Amino acid sequence: MAAQFRPTFVAQRSLLFAFRNLRRNRKWRLRSPFSDSYQCIAWAACRTDHKWWPVHHTEFYWPPNLPKITPSPYPWIPWPPTPVDYLVQGFATLGYTSCDRREFEFGYQKVAIYANDGGATHMARQRFFGRGWLSKPGELEDIIHEDLSDIEGAMAATAWQYGQVAQILKRSWWSAVANLCLFRCIWHAFELCLYDLWWRILKVKWKLIPWKPI
Amino acid sequence: MPTTMTEFRNNLESIEARYGDPHQNRMSLRHRFLYRKDCQWSRACSIVTRNRNREHDWLQRRKRQWFLRHLSHVIDRMEGSLTLEQRFREQADKWQKETQHLSSPSQRMMHPSYQAILGMGNENPREIVSLMIRDMQEHRRPWFWALSYFAQDNPVSQSEAGNTDKMIKAWVNWEKVQRLP
């Protein structure tokens, strides 16, 4: 796993550059190093070893025997939009069902699917006891943000943003236990605590040795 | 040196005639005050002017630098002196910077820089394939989809799907087997 601890202000700057709403709401923070080993969909499914996307190509993993999009054989032709329904079907294998409310419900874990005009774009997972949402924006650092609207953006596919929340899914804690996801979530929470500790140590180090542009 | 009193007086008169009597031409206190203020004012003005001139010079220098830098860039482009690798790196950096927050592969592939790299690949696919594999080793950028088109092959097995480390390793091994330049 290629994880890279970047200086905090560099990481924050790249996130603020991408998500304008984060500039307004200051209640968000970094939670992991920069990593390209997984992305938002895998992170919503509590996995950090693969990239997930419903597509017929070996660049991405997707649970077997489920519908996937078939891209054109020519790379300069844009891929067909990824239906939100494909992600819903994929997460149904982990015990998730559709849901209307985004607020925390005791006994349930929730994930949100974002979509824009070009189809599904992103997923966020609710933290234990509804203390914010966990997102992995592409290759950037994981973040905890207070609200789903913090990373929403324009609906145009070429705006390079996530669009709006299109679907909420939920599953019971029991279902999370049965799928071993709860243990993975707890393990990741422990990992994130270690990362947090490491961030703090590095912050002290970076204060002692000022960063200079090359 | 004057030897007589007359000579001395004449000499003194000539000095007075030339330079004036310092004791008689002394300024009044008021005039002296105003004169000083004048000096201060002119000095202040000169400092402002000097600073303005410095700023102007600095700006001109910056403009010249900027112009030369960009002009050289434009000339390089016109002459085509940028190598394929330089053009590839430039576009790849831009692509990564502007789309690294996106998870959707379809959205990332719609980016103009990605399309520009695909255009380069159409001109000389063999070079682009080796550049992409080298870039994956150095910067871990995901070129898998474009690579499988240009190489007309996909060494990544279904069990390795989505695992970046294994996929990069598979492509590097593929390149060794193919013996690309």
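Treat the numbers as computed from the prediction; the structure is a model and nothing was measured. (Residues numbered from 1 in each chain as written. Chains lettered and ligands numbered in written order. Predicted model: local features only at pLDDT ≥ 70, side-chain atom pairs only at ≥ 80, totals over all residues.)

Asks: Would you mind showing me how to read the domain arrangement of chain B here?
Replies: Many authors give the size of an interface as the accessible area that is lost as the parts come together. Assigned domains of chain B: these are domain 1 (28-81) and domain 2 (83-178). On a C-alpha basis, the centroid separation for the pair domain 1 of chain B and domain 2 of chain B is 49 Å. (Domains from an automatic or database assignment.)

Asks: I'm lost on helix H6 (residues 181-208) of chain A in this one. Help?
Replies: An α-helical turn contains 3.6 residues, so any two residues separated by three or four positions project in the same direction. With 28 residues, H6(A) extends 40 Å between its outermost C-alpha atoms, agreeing within 8% with the 40 Å of an ideal straight helix rising 1.5 Å per residue. In terms of burial, H6(A) is largely open, as just one of its 28 residues are buried. (Helix = DSSP H or I, 4+ residues; strand = E, 2+ residues; numbered from the N terminus. Expected span 1.5 Å × (residues − 1). Buried ≥ 20, exposed ≤ 12 C-beta atoms within 10 Å, placed from the backbone.)

Asks: Please clarify how the confidence of the model for chain A should be interpreted in this entry.
Replies: Atomic detail in the predicted coordinates should be set aside for any region of low pLDDT. Averaged over every residue, the pLDDT of chain A is 90; the share at 70 or more is 97%. In the model of chain A, strand E1 (residues 3-4) of chain A stands out as the element of lowest mean pLDDT, 80, in contrast to helix H4 (residues 84-92) of chain A, which has the highest, 96. (pLDDT = per-residue confidence, 0-100.)

Asks: Looking at this structure, how should I read the nonpolar core?
Replies: Formed by 64 residues in total, the largest nonpolar core has its most connected members in A:Met123 and B:Met132. Counting residues per element, this core draws most heavily on helix H6 (residues 125-139) of chain B, at six residues. With sequence-adjacent residues up to four places away left out, A:Met123 is seen in contact with A:Cys40, A:Ile41, A:Ala44, A:Leu87, A:Val111, A:Ala112 and A:Ile113. (Core = buried A, V, L, I, M, F, W, Y, C linked by C-beta atoms within 7 Å. Contact = placed C-beta atoms within 7 Å.)

Asks: Where do I start with the environment of A:Pro83 in this structure?
Replies: Residue and element names in this part refer to chain A. With respect to the helices, strands and loops of the structure, Pro83 is situated in the loop between helix H3 (40-44) and H4. Pro83 sits in the partly exposed class, given 15 other C-beta atoms within 10 Å. Measuring from C-alpha to C-alpha, the distance between Pro83 and Ala115 comes to 8.7 Å, with 32 residues separating the pair along the chain.

Asks: I keep staring at unusual backbone geometry and nothing clicks. Help me out?
Replies: Glycine aside, residues mostly have negative phi, and peptide bonds are mostly found in the trans state. Phi is positive for A:Trp160, close to 60°, though the residue is something other than glycine. Along the polypeptide, A:Trp160 turns up in the loop between strand E8 (143-145) and strand E9 (164-172). Judged by the 20 C-beta atoms lying within 10 Å of it, A:Trp160 is buried. A positive phi angle, near 55°, is found at B:Arg140, a position not held by glycine. Within the secondary structure, B:Arg140 is located in the loop between H6 and helix H7 (144-150).

Asks: I'm lost on the pairing of E9(A) in this one. Help?
Replies: Here is the key point about a regular strand: its side chains alternate between the two faces of the sheet. Strand direction decides the pairing type here: strand E4 (residues 97-99) of chain A and E9(A), joined by three bridges, are antiparallel. Paired with A:Ser98 across the strands is A:Leu169, a residue of E9(A). (Pairing = 2+ DSSP bridges.)

Asks: Please clarify how the packing of H6(B) against helix H8 (residues 164-178) of chain B should be interpreted in this entry.
Replies: Think of two packed helices as two axes; the pair is described by the angle between the axes and how far apart they sit. Residue and element names in this part refer to chain B. At a minimum axis distance of 10 Å, the contact between H6 and H8 shows a crossing angle of 140°. With respect to H8, the element H6 is oriented oblique. For the element pair H6 and H8, the recorded crossing hand is left-handed. Residues Ser130, Ile133, Met136 and Gln137 of H6 pack against Ile168, Trp171, Val172 and Glu175 of H8. Across the contact of H6 with H8, the residue classes break down as five nonpolar, two polar and one charged. (Axes fitted to C-alpha atoms, helices over the stretch in contact; angles between N-to-C directions. Parallel < 35°, antiparallel > 145°, perpendicular 65-115°, else oblique. Left-handed = near helix turned anticlockwise from the far one by under 90°. Nonpolar A, V, L, I, M, F, W, Y, C, P; charged D, E, K, R; others polar.)

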